[in-house]
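# Understanding the architecture of this molecule
These are the residues of each chain, in order.
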Amino acid sequence: MLQSLRWIGRSPPPVSVRACFLMKPRTLLIAAVLFCLPAHSRAESPRAPESVNAFLSNQCLDCHDSATKKGGLDLETLSRDLSAKGAIDKWILIHDRVESGEMPPVKRERPAKKEVDAFLTALRPPLIAADRASKEAQGRTAWRRLNRFEYENALRDLLHAPWLQVSPMLPEDGEAHRFNKVSEALDVSHVQMARYLAAAEYAMEQILEAHDAGPKKSIVRYYAWEQSAFYRRVNFNEFNRSAERATFPMRGYEAAADVLTGKTKLTDAPAEAKLRQEQAMGVVASTYEPLEIKFNGFEAPSPGRYKLRISAYSFWSHPVNEKQYWKPDRGNLSKGRRDEPVVLYAETPPRLLRRLGDFDVTPEPETREIETYLLTGETIRPDPQRLFRSRPPNWHNPLAEKDGMPGVAFRWLEVEGPLHDAWPTKGYTLLFGDLPRRPVEGKAGRMEVVSAEPKKDAKRLLEAFMAAAYRRPMAPEESQRIVKLINALLDDGSPFEEAMLCGYAAVLCSPGFVYLQEKPGELDDHALASRLSFLLWNSAPDDELRKLATKGELHAPLALREQTQRLLNDERSSRFTNAFLDYWLDLRHINATSPDATLYPDYYLDDLLVESSVEETRAFFNELLRKDLPVRHLVSSDFAFVNERLAQHYELPAVKGVALQRVMLPKESPRGGLLTQASVLKVTANGTTTSPVVRGAWVMERILGKKPPPPPASVPAVEPDTRGATTIREQLDKHRELESCNACHAKIDPAGFALESFDVVGGWREQYRATAGGKRATGFGKNGQPFEFHTAQPIDASGILPGTGGTGGGGAFKDIRELKALLLADERQLARNLVRQFTVYATGSAVTFADRAEVERILDRAADKEYGVRSLLHELIQSELFRKK
């Protein structure tokens with residue numbers, strides 16, 4: 001941390017610094033608390049009407065009186081004052097259970113429809129009135145701070161530094177209503193403020209480091225045979241039977257020991273250049289310890305944008321006599337028999353990997369190019385992911401055939417960069433304008449910004465920075481406070497650069513930058529611009545949005561629609577897709593579990609499958625959004641995005657290459673929609689077993705929008721039997737004999753039963769796998785080690801789906817195809833749930849009782865577009881839910 005800011009947990013700083021970094025957040029938190037207080041006038045608070053008492057007495061009190069309290073609900077003592085703590089939530093629950101037909105229970109004599117309608121008609125107005133009273137006092141949401149990903153994106157865009165990685169420096173954000181954008185879960189502490197300071201300082205250091213690297217770019221080639229990470233594992237022996245000997249030098253399609261021994265020496269420059277061009281390092285295994293190939297001769301000299309070019313080709317490695325070694329004069333290598341997928345990672349020691357992209361390596365030598373951003377010190381790690389991953393000892397390559405095994409030969413990596421769109425960089429210009437940065441006298445390697453008129457430049461630069469950083473008009477006193485801080489530091493002898501960075505850090509940790517500042521009622525145009533931008537770009541508004549907001553034109557329906565279209569069509573909208581799916585579908589947990597090495601060796605260590613599955617879901621949702629496809633595609637679609645690995649996994653017609661392609665699904669395929677995508681099926685399994693309860697609850701909540709109640713604390717969870725003695729269905733049948741369990745499981749389990757046809761990574765199965773019993777299956781896994789599992793009992797994917805409150809959707813099904821048909825019987829409910837998910841993500845607040853009518857109006861307006869996904873988003877943005885706090 002800058003010396004001037006290193007006061008947290010130490011001796012007290014100057015008063016001006018404390019005011020900037022302590023008092024302001026504290027004041028903000030107090031204001032937030034005050035804003036969240038409920039209305040105090042109990043006399044004026046809406047109450048549950050007396051007219052509902054007769055219905056409750058006749059239909060409910062037998063089970064929900066003070067003595068019985070079934071389900072924990074005591075209607076005798078439940079307050080009729082809807083402003084009482086927790087009262088409105090329970091009354092809404094009562095309303096919803098009666099409206100859906102769940103209560104009174106089916107086994108009781110059902111009340112007449114007119115009696116139910118009268119009860120609901122009487123209860124709705126006071127519930128709406130109570131909800132609206134709260135909104136009028138504080139708005140739908142309280143002020144909220146940016147989550148760590150929004151903060152990172154806002155810094156990236158402000159400083160024109162797309163490579164910045166500050167989110168790992170910030171604490172994990174709290175979650176509410178499934179998302180990390182809800183104010184009630186995004187608190188601020190002194191730890192949070194300290195991390196913001198560290199992140200802000202790091203970001204600005206990155207800008208200065210990029211500036212110091214200079215405007216000159218270079219193009220440097222790094223030959224694989226010169227990289228120690230390639231050749232240190234070389235040992236010439238028979239057929240590379242050890243992981244310690246899985247790389248070897250090549251020239252064309254010949255092994256070439258002299259490449260490394262230096263026996264071949266040419267004096268003719270063109271011939272030597274040709275020789276260098278043809279030399280390569282071959283690998284027959286994927287990049288995995290102990291074999292970790294990388295172009296370790298390269299380390300990014302500064303952060304920025306680079307072009308990476310890799311020359312490589314695939315080959316086939318033939319065996320030789322066990323007593324012979326690799327020799328350059330023996331024809332033990334030949335052209336590859338297929339393309340090989342390679343994934344490129346940036347690596348920071350020790351083994352911190354960041355995926356950059358992928359490409360196919362062909363049998364003919366070709367060059368592939370990727371443009372990407374790198375951080376200082378990152379090196380490049382290529383990974384031929386179809387190849388096996390050697391795990392000592394005594395591994396066996398499962399891809400090996402009698403006449404050899406596949407491999408990939410890497411010739412060289414060429415790096416061009418860092419590349420600059422302007423010089424000085426836009427980030428440096430924002431911080432220091434045209435002021436020069438020069439070496440510090442007497443301090444080798446140190447640079448600093450110099451100013452002939454420091455206080456005058458400080459005021460000018462700070463005001464320009466704050467105007468760019470804040471997402472609203474800035475009050476004069478806001479800059480004056482920080483100018484005083486900078487001047488005090490200058491008067492104390494601090495260097496100009498350090499004083500300015502301290503002031504900038506204050507801005508980047510202030511409420512004006514860290515918080516979305518919205519007032520109750522209709523949002524002004526600047527707040528509307530921020531809400532729109534943080535929805536679709538996960539970042540601050542750009543210049544065009546801010547100009548419209550300044551003119552007061554953004555709130556016009558046509559302008560707002562045009563800007564929504566513009567933001568969605570921009571590549572930055574991928575931030576929305578990725579973040580929304582990460583939390584709605586839990587894609588962020590894709591690597592939380594690993595497939596069991598014994599039961600699922602066909603998936604173990606298969607990063608290509610896992611990474612492709614996430615990209616499939618993103619590409620699928622992007623397609624729905626881009627083409628405004630009907631919401632029913634979330635459940636059932638006639639197309640999918642697959643590459644070669646996914647097509648093989650889904651048992652679809654062959655697709656060539658690592659790139660995702662949109663393919664039409666065969667009519668008999670169970671695929672199509674989110675439910676049967678590998679990513680979803682993986683995050684709803686634990687890597688060893690699957691549970692209809694977990695998957696069924698996931699479908700209820702994420703797709704249908706019907707959150708199941710939590711399980712009773714006294715009832716143990718049902719764990720699938722990996723020995724194969726019983727099926728999970730048999731165990732659940734016994735579990736459901738308990739009356740307290742059956743009511744919920746009857747709703748949760750059916751969809752989960754249909755998904756039992758899919759294993760822990762979404763592969764189709766007819767039988768379970770187990771550690772004992774059944775037919776024995778053996779082989780070698782991707783790790784080169786032997787495996788053994790047993791086939792167990794057959795899958796029963798049938799079930800009975802309960803109805804959805806009179807809107808259809810219930811009925812018996814025998815498999816996933818029939819389940820999808822039942823779910824599609826109520827497309828409006830699918831759309832209603834998606835609007836609710838969008839609303840939480842966009843506004844930071846869940847849909848409340850008083851919001852329900854507005855949700856229905858959104859659905860009405862999108863109905864003629866068949867509830868298109870893009871139309872639903874447009875209509876939400878045009879609605880009062882979005883345009884008001």
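A few points on the structure. It should be emphasised that the depicted structure is a prediction, and the values quoted were computed from it without experimental measurement. Within any chain, residue numbers begin from 1 and follow the written order of that chain's sequence. In keeping with the model being predicted, local features are shown solely for residues with a pLDDT of at least 70 and side-chain atom pairs are shown and tallied solely at 80 or more, while totals for entire chains, interfaces and linings include all residues. Hydrogens and water molecules were not included; the side-chain quantities draw on all heavy atoms of the structure.

On to the overall build of the protein chain. Of regular secondary structure, the protein chain possesses 30 helices and 22 strands. Only protein chains enter the accessibility calculation, which uses a 1.4 Å probe. A residue is then buried if its area is under 20% of the maximum for its type, exposed if over 50%, and partly exposed in between. Expressed as a percentage of the 885 residues in the protein chain, the buried residues total 54%. The contact criterion used throughout is that any non-hydrogen atoms of two residues lie within 4.5 Å. Within the protein chain, counting contacts between residues at least 6 apart in sequence, those at least 24 apart form 73% of the total. Accessible surface is estimated by sampling points in the Shrake-Rupley manner with a 1.4 Å probe; for residues, cover comes only from the protein chains shown. Of the roughly 38900 Å² of accessible surface on the protein chain, 52% is carried by carbon and sulfur atoms. Each helix is a run of DSSP H or I of at least 4 residues and each strand a run of E of at least 2, with the numbering of both proceeding from the N terminus.

Right, let's get into the sheet that holds strand S11 (residues 379-384). For two strands to pair, DSSP has to find at least two bridges joining them. What the three strands build is an open sheet, ordered S9-S8-S11; its pairing is antiparallel. A strand with exactly one partner marks an edge of an open sheet, and here the two such strands are strand S9 (352-361) and S11. Between one strand axis and the next, the sheet turns by 25° as a mean value, whatever way the strands run. Judged from the nine bridges that link them, strand S8 (residues 340-348) and S9 form a sheet pairing that is antiparallel. By the bridge assignment for S9, Val343 is matched with Asp358. Between N-to-C directions, angles span 0 to 180 degrees; the directions come from axes that are lines fitted to C-alpha atoms, helices contributing only their stretch in contact.

Attention now goes to helix H12 (residues 454-469). Expected helix span is taken as 1.5 Å per residue step, with the number of steps being one fewer than the number of residues. Given a rise of 1.5 Å per residue, 16 residues ought to cover 22 Å, and the 21 Å separating the end C-alpha atoms of H12 matches this to within 8%. Listing the buried residues of H12 in full gives Asp457, Ala458, Leu461, Leu462, Phe465, Met466 and Ala469. For H12, the buried positions fall inside an angular range of 150° around the axis, keeping them on one side. An arc is given here, and it is the one of the directions from the helix axis to the C-beta atoms.

Glancing now at the pattern of salt bridges. A pairing counts as a salt bridge when a side-chain nitrogen of Lys or Arg comes within 4 Å of a carboxyl oxygen of Asp or Glu. Under the defined criterion, the tally for this structure stands at 69 salt bridges. The closest approach of N and O atoms between Asp570 and Arg572, which form a salt bridge, is 3.0 Å. According to the relative accessible area criterion, Asp570 is partly exposed, its value standing at 22%. Linked through salt bridges whose partners overlap, the residues forming this network are Glu175, Arg178, Asp586, Arg588, Glu701 and Arg702.

Two kinds of site are reported from a 1 Å grid over the protein atoms alone, namely cavities, where a 1.4 Å probe fits but cannot get out, and pockets, open sets with protein on both sides within 12 Å along at least five of seven lines, and residues are called lining when an atom falls within 4 Å of a point. Grid points are joined across faces, edges and corners, and a volume is the space filled by probe spheres set on the points. Within this structure, the stated rule accounts for six cavities of 30 Å³ or more. Of the voids in this model, the second largest cavity is the one considered here, and its volume is about 110 Å³. Considering the residues around the second largest cavity, the lining is formed by 15 residues, among which Arg144, Leu516, Glu518, Ala842 and Thr843 are closest to the centre. Mapped onto the lining of the second largest cavity, the elements with two or more residues apiece are helix H16 (525-536) and helix H27 (827-843). Following the grouping adopted for this structure description, the nonpolar residues are Ala, Val, Leu, Ile, Met, Phe, Trp, Tyr, Cys and Pro, the charged ones are Asp, Glu, Lys and Arg, and the polar ones are all others, Gly among them. Here the residues of the lining of the second largest cavity are counted per class, giving seven nonpolar, four polar and four charged.

Looking now at the pairing of strand S16 (residues 639-642). Along S16, one buried face is formed by Phe639 and Phe641 and the opposite face, lined by Ala640 and Val642, is buried too. The pairing of S16 with strand S17 (residues 661-664) spans four bridges and is antiparallel. Among the inter-strand pairings, Phe641 is bridged to a residue of S17, identified as Arg662.

Quick look at the side chain of Arg145 now. Looking at the element boundaries, Arg145 is found in strand S1 (residues 144-145). At 3.0 Å, the side chain of Arg145 forms a polar contact with the side chain of Asp173. Identification of polar contacts relies on pairs of N or O atoms within 3.5 Å, with a donor-acceptor requirement for protein atoms, meaning one able to donate a hydrogen and the other able to accept it, and with residues adjacent in sequence counted only if both atoms are side-chain atoms. Among the polar contacts listed, one links the side chain of Arg145 to the backbone oxygen of Asp187, at a separation of 2.7 Å. For Arg145, the residues in contact, after removing those within four places along its chain, are Glu150, Asp173, Leu186, Asp187, Val188, Gln192, Tyr196, Val514 and Tyr515.

What follows concerns the nonpolar core. The nonpolar side chains of a soluble globular protein tend to be buried, and buried together. We define the nonpolar core as a collection of buried residues of types Ala, Val, Leu, Ile, Met, Phe, Trp, Tyr and Cys that are connected through side-chain atoms lying within 4.5 Å of one another. Counting 81 residues, the largest nonpolar core has Leu536, Phe576, Phe580 and Trp584 as its most contacted members. Among the elements that take part in this core, H27 stands out by supplying eight residues, more than any other. Not counting the four nearest positions on each side in its chain, Leu536 is found in contact with Thr564, Leu567, Leu568, Arg572, Ser573, Phe576, Leu873 and Ile877. Among the nonpolar cores identified, the runner-up in size contains 59 residues, and Leu430, Ala458, Ala506 and Phe513 belong to it.

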